[in-house]
Amino acid sequence: MKKCTGPCGQLKPISEFTIDRKNKDGFSHQCKVCKRKGNQLSKRKRNQLNGHVRIIKTLEILGQPHTEKEARGLIQEIKRSLTNFQEN
Ligand SMILES: [Zn+2]
């Protein structure tokens, strides 16, 4: 048995942990369930980050708008990005 350091914090059989050679006992600190949750979270974070990057890039372009029409298009793009970001 091994105690999970993840959100569940439960004592679980070693079969519930993934192999991780970096650790002394050769098994991951977090159980499979928590690991999977962690991966989902990082994927979500990555999506949020992508949203941020998109907004920043758009703002950078917006700093030098060529035409009013173009600027309006970019503002729409930011609004869309923000909506997507909130949905995540
Ligand atoms: Zn766990």
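Our subject is the structure listed above.
Peer 1: Break down the overall build of the chain for me, citing the residues and quoting the values.
Peer 2: Secondary structure summary: the chain contains two helices and four strands in total. Going from N to C terminus, the chain has its helices and strands arranged as β-β-β-β-α-α. Here the chain holds 88 residues, and 7% of them are scored as buried. In the chain, 38% of the contacts between residues at least 6 apart in sequence involve partners at least 24 apart.

Peer 1: Report on the environment of P7, specifying residues and quantitative values.
Peer 2: Inspection of the secondary structure puts P7 in the loop between strand 1 (2–3) and strand 2 (11–12). For P7, a count of 13 C-beta atoms within 10 Å gives the class partly exposed. Sequence spacing of P7 and V33 is 26 residues, and the spatial spacing of their C-alpha atoms is 9.5 Å. Filtering out sequence-adjacent residues up to four positions away, P7 remains in contact with C34 and K37.

Peer 1: Could you give an account of the environment of K3, naming the residues involved and the relevant values?
Peer 2: Within the secondary structure, K3 sits in strand 1. Take K3: there are 12 C-beta atoms within 10 Å of it, and that puts it in the exposed class. Sequence-wise, K3 and I14 are 11 residues apart; in three dimensions their C-alpha atoms are separated by 9.1 Å.

Peer 1: Can you lay out the environment of G9 for me, pointing to particular residues and giving the numbers?
Peer 2: When you line up the elements, G9 lands in the loop between strand 1 and strand 2. In this structure, the C-alpha to C-alpha distance between G9 and C31, residues 22 residues apart in sequence, is 8.9 Å.

Scoring rules and cut-offs
- Position labels on residues start from 1 in each chain and follow its written sequence.
- Thresholds applied to this predicted model are a pLDDT of at least 70 for local features of residues and 80 or more for the giving and counting of side-chain atom pairs; totals over whole chains, interfaces and linings are not thresholded and use all residues.
- We count a stretch as a helix when DSSP gives it H or I for four or more residues in a row; a strand needs E for two or more, and each element gets its number in order from the N terminus.
- Exposed residues have 12 or fewer other C-beta atoms within 10 Å of their own C-beta, buried residues have 20 or more, and partly exposed residues fall in between, where C-beta atoms are placed from the backbone.
- Placing a C-beta atom from the backbone of each residue, one calls two residues in contact when those atoms lie within 7 Å.

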